Structures are given as C-alpha cells and as structure tokens.
Protein chains: 2
Amino acid sequence: MSEEELKSRILELEEEVKRLRSNNVTPAREKIAQMSGEVVDSNPYSRLMALKRMGIVEDYEKIRTHTVAVVGVGGVGSVTAEMLTRCGIGKLILFDYDKVELANMNRLFFQPHQAGLSKVEAAAHTLQFINPDVTFETHNYNITTVDNFDHFMERIRCGSLTSGPVDIVLSCVDNYEARMAVNRACNELDQTWFESGVSENAVSGHIQYLIPGETACFDCAPPLVVASQIDERTLKREGVCAASLPTTMGIVAGMLVQNVLKYLLKFGQVSYYLGYNALVDFFPTMMMRPNPHCDDTWCRKRQAEYAERKASQPVEKKEEKEEEVVHEDNDWGISLVDETSGEEPSTGATAQVAGLAEGITLAYERPVPANDDSADTVQVDDTSLDDLMAQMKSI
Amino acid sequence: MSEEELKSRILELEEEVKRLRSNNVTPAREKIAQMSGEVVDSNPYSRLMALKRMGIVEDYEKIRTHTVAVVGVGGVGSVTAEMLTRCGIGKLILFDYDKVELANMNRLFFQPHQAGLSKVEAAAHTLQFINPDVTFETHNYNITTVDNFDHFMERIRCGSLTSGPVDIVLSCVDNYEARMAVNRACNELDQTWFESGVSENAVSGHIQYLIPGETACFDCAPPLVVASQIDERTLKREGVCAASLPTTMGIVAGMLVQNVLKYLLKFGQVSYYLGYNALVDFFPTMMMRPNPHCDDTWCRKRQAEYAERKASQPVEKKEEKEEEVVHEDNDWGISLVDETSGEEPSTGATAQVAGLAEGITLAYERPVPANDDSADTVQVDDTSLDDLMAQMKSI
C-alpha cells in the first residue's frame, strides 16, 4: 500500500472506532425539557405522571428538583440508583471505591463486560444512557479516610442542583465503618438520611429512616437487623465470602427507594424502620428515639434543638400521645416507640413493641467507647464489625 | 510517520474495532461447566454457592436442573427473568407478544435503545449476555388465542431441559384473560404456578402460590389484591394509562423470585399469598382453600385427587389441625385458612384471618358463569376486567 492508502485506511478505521464508541455513549433518546403526562408510547414519563391523575402524588414533576446522594453502589446501591434514575430524579451523587467483578453478577444491574471498571463510573455510564435527563456526579473514593470524609461532607452540604444540601443521603454500604462515617456526617450537617442493609446469609435485610435529633442515630444504638434464625457463628470462618441474592437486594432497594419517593414527593407514610425476613416473608416495622447520652456530640446537639422545636410548638393532641413512648430498661438508654402510637398512626402491620419488635434484634453489642482524641477524625475500628457481628443473636 | 509506524497504527486501530464490535455481541465470559464455590473475583457463582456454607440451601447447584416459564415480560416479568438468570437457573421459557416502548423506561430492565424490539427477544438477548450458562426459549405470541394456547400448554408440558414439564409457571401478566388462560392450563396440566400483580395506581401488589386441588384457583375466587385505599373509579377514564413504579414492580418481582427459590431449592417457607401496600409498608399473608363448586372441571378433578391423597396418608397431628379451617359464610364457597394453623406454622407476620386477612380484598366481583360450549377454548371476556375492576373495594 502507498503512504496515501495507509493514511486513508487510518482515517477510515478512526471513523469506525468513533462510531462504535459513540454507540455506547450517545443516549438512545434526546433530553426532555419538561415532563409530560401524554399517553403515547414514546413518552418515558407517562406512567409516572399517571400517579398524579390517580391521586397518589400531587406534583410528580417536582422530582426533577431533587438531589440524592447514594453511598455505596453495590447490590443495593446500584439498583437504588437505577430506580431513582428511571423515576426521573434531578441529580444523583454516587460514592464508591470498588471495581465491578464477575463475582457481582449474582445481583441486578452490572453486566459482565463492565468487570474491572470502577463501580461509580460504570453505573453513571449505564444510568446516563437509560435517562439522559438526570445529572450525575461520581466520586471514586473511600469516604472513611480523613481527606475524603471532608470532601464527602462538602458534597452533602453543597452538592444539590442549586449548590445547596442534598435532599437525602442513602447509605447502601456493606460495612460498619462506612455506616458510622455517614452517621457522623449527617449528625453534623443535620441531614436526614436512610440506612439499608442485607445480612451476610442473604435472607434478611432492612431499611431505616434517620432524622438527627428525632430518631436514634447509629451512635445511639447499633443498627437493628431482622433476626435470620441462622447461627451467625458459621459466617466468619476463613476464606468464606458473604452470600447474596438478587431477590433480597432488589427488595431492600425497592423498599428504600419507595420510602425515598414517599419522603420527597409527600405521599403515604415513611417507615422509620422496615425489616425483611425472606425465610418466612415477615416485614416488621418500628421506631426508635435517640439516646440522650449518645457519644456523638452532634447527635446530642440535634436532640436539644429538636426538643426546643417541640416545646415551642402549640400543644396538640399528638403531644399527649408522645407520652406513650415505651421506656425500656436497657443498656442503651434508648426508647422504642410503637409506630401505632406515633404521630401518624399506621394502619398496617406495625409490630407491637415490647422491647424490640418481634423478629428484630440488635446487629452489634455495644462497642467500646472511642477515644475522645478522635473528635476530628472518623472513628474507624477495623475489627469491630467482625467482633460485633459474631455476637448477633438469633431469635 | 514512517510506513512502519503507519502500519502499526492500522493494526492498533483494527484491534480496537474488533474489541468494540465484540463488546456488543459475544458474551463477556465463557460458559461455566460446573458451579463452584471458590471465593475469587472472577467466579459469578461464589456468593450464591455461599448459601450452602451458610446453611440456607442444601444443594444450590440443583438450580441448574430447573426450568421456569415466565408468562409476561413486562415490569414484573422482565425483572423476574433477570433475577432467575443471575441466580443461574437452568432454563427460562419466556412468553410475551408486546414490543419494548420508551413508555416502559420507568421500570427496571429494558433500555431505550431496545425500543421497538419484541420484549421476549430483547430480554433473551440481554439475559444471555448476562449469563451464558442459562438456556432460553422465547415465544412472541399471545397465549390467549386458541392455537397459541395449545402450543403454550405443550411447552409447559414438554419444555423442561429433559423435555418434561417445567418446574414452575410464573404469571406476570397485566390482564384478566391471560391470568385465566394460565389458570386453565395449570389446572389441566396439574402444574404448580405463581401469580403476581401490581395495582393500576402503582402502590400495591401481590404474589400468590397456586397448587391445583390444594389451593383456590382463579376460577374458585377472583384474585386477591391488597386494598390501596384509593378510589378505583378514578382509574378507568378515557385516555388514562395505568401508573407504574420501578420500586413496586421490583419488590413484587423480588417477592416472587424469592418464593420460587424457596420452592425449587427447598428452604424457608413458601408464602401462599403475600401482599404489599406501599403507602404504609404493609405485607399481609394468607392461604385460601379451593371452592368445591368451582366452574373449572379440572380444578374439581384436582380437588378430588388431593382429597384422595390426603385420605390415603397416615393420620398425623397436622390432619387434626386441618379441621381448624375457617368456613366462612360467603358467596364464593371458599374457605380461608389462617396460615398460623397450617402445616408449617408461620413465625412471622401472618395476619389473623377473619373473612379475608386485614387489608386484602377481592379484585373482582364474581363473574357471570361462562357458557359451557367454551370448554375447548380459552374463556375470554373482553369487558369483564373493566367491569370487575370498577367494583374493587377500598378498605
């Protein structure tokens, strides 16, 4: 071939590479400036806007103004992000430092060709393709290191579409340290958030709604889990990985996003705690008040602020009901509230609380108090999760 | 550039073109001959095989011998198929006659570039790519027409990996006619199946486990739904489409596949009926005995066979408990069973049955009996769903 021909071949190939690459990049549809309820096959929002006509949601379009931070883009977090994307959320901020592996293919969302890619980048790429109307921001780092934690705090405080605080933080992580980091950030920032978790034997999970000062934080009490009736001592042997199922993770992600939608779009009743036991299809609910002696100073500050707000409100009927809080004699100094005596009486399957609701147990025994010199760093304890999980009780 | 460099650049680009092209077509991993529990990042089954080590499932590999028929590959059926694929099911048979539309993008699974493709073909393509170990069979037709119904029956009877009956049929359809067709086929074939459904206002759903002769069929009683506390009369106006949410559909698919896994792999307790009310996170369970006067002759035949099997079994303690069935005075001639008095007492949130369990209501009023000359055709009534749905009660 002449030099001319070689160069022409290169141009041709470069074009083809560009075309093939763009196939994977350009969205399959144009952006949509305004959500419409028009009932046509080409409208990706018709079945969502129908929620207005059905009297479920008053102002569905408002979802476009909301920003959600998803911490952990694994089995629960990735499906959570996909559900919010398909619902047309305004902005998603994704945090994770892991890579996609073939070993993740037993859960929904990631596909085998993404093995080796960063989870946040692979997720944002797929999600942008599914819904080009959503804004994505990704952070490929571990939030528990000191520098990253500061940046994480900053993004929660200023990451929304209007550079204000995000509307809600969703913890979809799989370890104790990351949960405590989210807890600490949200207490300090007075940021409402949701926790989620799936047991290591894959057959139970839960979500929890945390409002600083109003509900127990993760320093007030360890996370509650649904008892799995399985001896947890079998879990922690050498070379053993946690089990997981796409079903349990899909259900937990669904429960999480459903409650986020109820919170953001103001319909139905947000559950403070919703558990899931897959073996017997049991879904306990409950609510837990904060510990007045919580180790987290920001939590105690938020509790004082909440008490002040309550005191300045005119006394209503619901204030009287507040007295019905069950003060349990326990090591945690926390009080449990039967949701049926709460401000919004549940008409559902809310468990009667006597101590903990039936089938709910504490995930960890009370950890050894952290040294106070750690006040400016995230409290990390490499061994605590293992130690504490080992003590998880079955009912 | 020298000729050498130009040629090297061409080779490089050709490699890239090959790589990009292969990304979209060939599976991202080789088939795996035998499931292994080895804990390495490259093993897509490690987290599933861990269910054995955790004492949840005795023989996880057995999943590869099972065949599941999924009827309807929409919001629930597509996620159901993906979950089973990721769990490593042996074979999936998919039935649907619909095309993917952008209006489906508010649920999980399908992506915008698939708009216009047949749902079964688009689904099988994606699923084969996710897990090349699964065998797929697709049927792009409406099962309720006479010819297709015969073929559908034949595939249920002979579609398994060993050309025998499938292990379970999952109804994930969105209309009354298709549900009745699945019911009729399963009664005649003595085929155990699951029904699933999501309400038109998107905030409730259910699954139901049907064993011909042992539990009520769809001709014994109309499908049970979870009361949504929404006036259903708003739903059926002109130009109005049903609302749907990826959350509700993901949760219903998760509840369905979780119970299928419990059924196939023999762990936990399969729920006869599990409902979901998203507004208050309420999940009722119950069980319903068949109607001795059921219009479906095959149902009555299966009831007689079941009674005979029971009678020939040695009398055990559980036989006595059978007497505790609550015989309700109702138009349906059906009896409701409190699951806590059933053979496997539930330790969970099973509702106390008094009539129907709290929050559960019948989806339809009793339809007008069909003409008997329809014995060899599927009973289709175009107007019945609308008429009957309009009468759905709120609690």
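The notes below deal with the structure included here. (Residues numbered from 1 in each chain as written. Chains lettered and ligands numbered in written order. Predicted model: local features only at pLDDT ≥ 70, side-chain atom pairs only at ≥ 80, totals over all residues. Heavy atoms only, no water.)

1. What to know about the packing of helix H3 (residues 77-86) of chain A against helix H7 (residues 246-265) of chain A
All names here are of chain A. Relative to each other, H3 and H7 sit at 45°, their axes nearing to 9 Å. On the basis of their axis angle, the class for H3 and H7 is oblique. The element H3 and its partner H7 pack so that their crossing is right-handed. Only Gly 250, Ala 253, Gly 254, Leu 256, Val 257 and Val 260 of H7 make contact with H3, whose side of the interface consists of Val 79, Thr 80, Met 83 and Leu 84. (Axes fitted to C-alpha atoms, helices over the stretch in contact; angles between N-to-C directions. Helix = DSSP H or I, 4+ residues; strand = E, 2+ residues; numbered from the N terminus. Parallel < 35°, antiparallel > 145°, perpendicular 65-115°, else oblique. Left-handed = near helix turned anticlockwise from the far one by under 90°. Contact = heavy atoms within 4.5 Å.)

2. A word on the side chain of Gln 111 of chain A
On the secondary structure map, Gln 111 of chain A appears in the loop between strand S2 (91-95) and helix H4 (119-130). A residue is classified by how much of its surface remains accessible, and Gln 111 of chain A, at 15% relative accessible area, is buried. Ignoring sequence-local partners within four residues, the contact set of Gln 111 of chain A consists of Met 105 of chain A together with Arg 86, Thr 126, Phe 129 and Ile 130 of chain B. (Buried < 20%, exposed > 50% of the residue type's maximum accessible area, 1.4 Å probe, protein only.)

3. Notes on the packing of aromatic side chains
Under the definition given, this model contains 19 aromatic pairs over all chains. Judged by centre distance (4.9 Å) and plane angle (75°), the ring pair of Phe 109 of chain A and Phe 110 of chain A falls under edge-to-face. The two residues Phe 109 of chain A and Phe 110 of chain A agree in class, both being buried. Taken together, a centroid distance of 6.4 Å and an interplanar angle of 40° make the contact between Phe 149 of chain B and Phe 152 of chain B tilted. A residue pair is termed a helical-turn pair when its members lie 3 or 4 positions apart in one helix, as Phe 149 of chain B and Phe 152 of chain B do in helix H5 (residues 146-158) at 3 residues. Classification of Phe 149 of chain B as buried rests on a relative accessible area of 5%. The class for Phe 152 of chain B is buried, based on a relative accessible area of 0%. (Phe/Tyr/Trp six-rings, centres within 6.5 Å; stacked < 30°, edge-to-face > 60°.)

4. Some words on the pairing of strand S9 (residues 285-288) of chain A
Residues and elements named next belong to chain A. What you see with S9 is no split at all: Thr 285 and Met 287 on one side and Met 286 and Met 288 on the other are buried throughout. Note: strand S8 (residues 273-277) against S9, 2 bridges, orientation antiparallel. Looking at the pairing, Tyr 273 lines up with Met 286 of S9. (Pairing = 2+ DSSP bridges.)

5. Topic: the environment of Lys 18 of chain B
All names here are of chain B. Considering the arrangement of structural elements, one finds Lys 18 in helix H1 (residues 3-25). For Lys 18, a relative accessible area of 57% translates into the label exposed. With 146 residues separating them in the primary sequence, Lys 18 and Gly 164 have C-alpha atoms 41 Å apart.

6. Observations concerning the pattern of salt bridges
Where charged atoms of side chains with opposite charge meet at close range, the side chains can pair. Residue and element names in this part refer to chain A. Scanning the model with the defined rule gives 32 salt bridges over all chains in all. For Arg 302, the salt bridge goes to Asp 190, with nearest N and O atoms at 4.0 Å. Placement of Arg 302 in helix H8 (residues 297-312) and of Asp 190 in the loop between helix H6 (176-189) and strand S5 (193-198) is noted, with a sequence separation of 112 residues between them. Assessed through its relative accessible area of 8%, Arg 302 is described here as buried. On the basis of relative accessible area, Asp 190 is assigned to the partly exposed category, the value being 38%. (Salt bridge = Lys/Arg side-chain N within 4 Å of Asp/Glu carboxyl O.)

7. Things to note about the interface of chain A and chain B
Counting residues at the interface gives 94 residues for chain A and 95 residues for chain B. Of the roughly 8,300 Å² buried between chain A and chain B on both sides combined, carbon and sulfur atoms contribute 66%. Among the residues of chain A in contact with chain B, Arg 47, Met 54 and Arg 86 of chain A are the three that bury the most area, contributing 10% of the side total. The partner of Asp 281 of chain B in a salt bridge is Lys 262 of chain A, with the nearest N and O atoms 3.4 Å apart. Taken together, chain A and chain B are joined by 32 residue pairs in polar contact (both at pLDDT 80 or more). Breaking the side of chain A that touches chain B down by element, the ones donating at least two residues are helix H1 (3-25), helix H2 (46-53), H3, H4, H7 and S8 of chain A. In terms of residue class, the side of chain A that touches chain B is made up of 49 nonpolar, 26 polar and 19 charged. (Buried area = accessible area lost by both parts, 1.4 Å probe. Polar contact = N/O pair within 3.5 Å; in protein donor to acceptor, adjacent residues only side chain to side chain. Nonpolar A, V, L, I, M, F, W, Y, C, P; charged D, E, K, R; others polar.)

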